[in-house]
Amino acid sequence: MAEILDIVDEFGNPTGETVDRQTAHKRGIRHRTAHVWILRQAGAGLEVLLQKRSKIKDSNPGCYDISSAGHIPYGQDFLTSALRELQEELGITDVSAEDLHYCGQRIIKVQKVFHGELFIDNQISNIYCLWRDVDPAHLNLQESEVEDVIWINLNRCKELVRMEDKSFPHCIYLEELEMLPRI
């Protein structure tokens, strides 16, 4: 069954029209996503949990990415979708909207080719952080979405994202990492 999304204006407000996810990415139609970065304070400083995307994903397969992220289905809002994605992708069920800290909103416009097909991303994303020291061994990863998760020092993550040699396969944007709190 096709995933149906709200078409949104430049501020992320639904226009009243909808589009299926595949068409949105084929034609570059603006839609919404919710991104949740899981953070913890560790001995080496602030760490962020990264997910490694499944190799079968339609975009950025096998790349390190945001802790949890996903498209917002028609009729839903940013927070509801953020909580749903945490549960679906990582198996984290004991989080409420009050646990998510709003970090800002981003406009993402990217064109890339994956699996021989043009993929046009045109999205408005609300960025959240969740303070949670989770043990990766206790997460229930959604295999069709997430291959693995790792904790990494936030400053080291920024260094790896800045590297141009792509030795660290990722689809992380430095702009978004800079939106996260610094403690």
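Coordinates for the structure precede this section.
Engineer: Can you lay out the overall build of the chain for me, pointing to particular residues and giving the numbers?
Structural biologist: Looking only at helices and strands, the chain features 4 helices and 9 strands. Walking the chain from its N terminus toward its C terminus, one meets helices and strands in the order β-β-α-β-β-β-β-α-β-β-β-α-α. Scaling as 2.2 N^0.38, a compact globule of 183 residues should have a C-alpha radius of gyration of about 16 Å, and the chain matches this with 16 Å. When the backbone C-alpha atoms are referred to their principal axes, the chain occupies close to 50 × 40 × 30 Å. Relative to its 183 residues, the chain shows a buried fraction of 52%.

Engineer: Summarise the nonpolar core; cite the residues concerned and give the values.
Structural biologist: The biggest cluster of nonpolar side chains holds 20 residues, and the ones touching the most others in it are Trp37, Val48, Leu50, Cys157, Ile172, Leu177 and Leu180. Looking at this core, the elements that each hand over two or more residues are strand E3 (31-42), strand E4 (45-53), strand E8 (117-131) and helix H3 (154-162). Looking at this core element by element, the count peaks at 4 residues for H3. Excluding residues that lie within four positions of it along the chain, Ile172 makes contacts with Trp37, Leu50, Tyr64, Asp65, Cys157, Val161 and Leu177. By size, the runner-up hydrophobic cluster in this structure holds 19 residues, among which are Ile38, Ile72, Leu90 and Val149.

Engineer: How would you summarise the pattern of salt bridges if you had to cite specific residues and measurements?
Structural biologist: Within the structure shown, the criterion is met by 16 salt bridges. The closest approach of N and O atoms between Arg53 and Asp65, which form a salt bridge, is 3.1 Å. Linking Arg53 in strand E4 with Asp65 in strand E5 (residues 64-65), this pair joins segments that are 12 residues apart in sequence. For the pair formed by Arg53 and Asp65, the shared burial category is buried. With a closest N to O distance of 3.4 Å, Glu88 and Arg84 form a salt bridge.

Engineer: Summarise helix H2 (residues 78-90); cite the residues concerned and give the values.
Structural biologist: If you check H2, its first and last C-alpha atoms are 18 Å apart, about what 13 residues at 1.5 Å a residue would give, namely 18 Å. Regarding H2, the residues found buried are Phe78, Ser81, Ala82, Arg84, Glu85, Leu86, Glu89 and Leu90. Two or three places before Leu79, at the opening of H2, Asp77 has a side-chain oxygen 3.3 Å from that residue's backbone nitrogen.

Engineer: For the side chain of Asp65, give the residues involved together with the corresponding values.
Structural biologist: When its relative accessible area of 7% is taken as the criterion, Asp65 is described as buried. Here the side chain of Asp65 touches Arg53 through a polar contact of 3.1 Å, side chain to side chain. Here Asp65 is in contact with Leu50, Gln51, Arg53, Cys171 and Ile172, once residues within four sequence places are set aside.

Engineer: Break down the pairing of strand E7 (residues 101-114) for me, with residues and values.
Structural biologist: Looking along a regular strand, one sees side chains alternate from face to face of the sheet. With 13 bridges connecting them, E7 and E8 associate as antiparallel partners. Residue pairing in the sheet places Val113 in a bridge with Leu118 of E8.

Engineer: Just give me the short version of the packing of aromatic side chains, but keep the residues and values in it.
Structural biologist: Any two aromatic rings considered together are summarised by their centre-to-centre distance and by the angle between their planes. Enumeration over the complete set of coordinates arrives at 3 aromatic pairs. When the ring of Tyr102 is compared with that of Tyr128, the centres are 5.9 Å apart and the planes differ by 65°; the resulting orientation is edge-to-face. Here the residue Tyr102 occupies a position in strand E7, and Tyr128 occupies one in strand E8, the gap between them amounting to 26 residues. For the ring pair Phe114 and Phe119, a centre distance of 5.7 Å and an interplane angle of 75° mean the geometry is edge-to-face.

What counts as what
Residues numbered from 1 in each chain as written. Predicted model: local features only at pLDDT ≥ 70, side-chain atom pairs only at ≥ 80, totals over all residues. Heavy atoms only, no water. Helix = DSSP H or I, 4+ residues; strand = E, 2+ residues; numbered from the N terminus. Rg over C-alpha atoms; globule rule 2.2 N^0.38 Å. Buried < 20%, exposed > 50% of the residue type's maximum accessible area, 1.4 Å probe, protein only. Core = buried A, V, L, I, M, F, W, Y, C linked by side-chain atoms within 4.5 Å. Contact = heavy atoms within 4.5 Å. Salt bridge = Lys/Arg side-chain N within 4 Å of Asp/Glu carboxyl O. Expected span 1.5 Å × (residues − 1). Polar contact = N/O pair within 3.5 Å; in protein donor to acceptor, adjacent residues only side chain to side chain. Pairing = 2+ DSSP bridges. Phe/Tyr/Trp six-rings, centres within 6.5 Å; stacked < 30°, edge-to-face > 60°.

That's the geometry; what it means functionally is another story.
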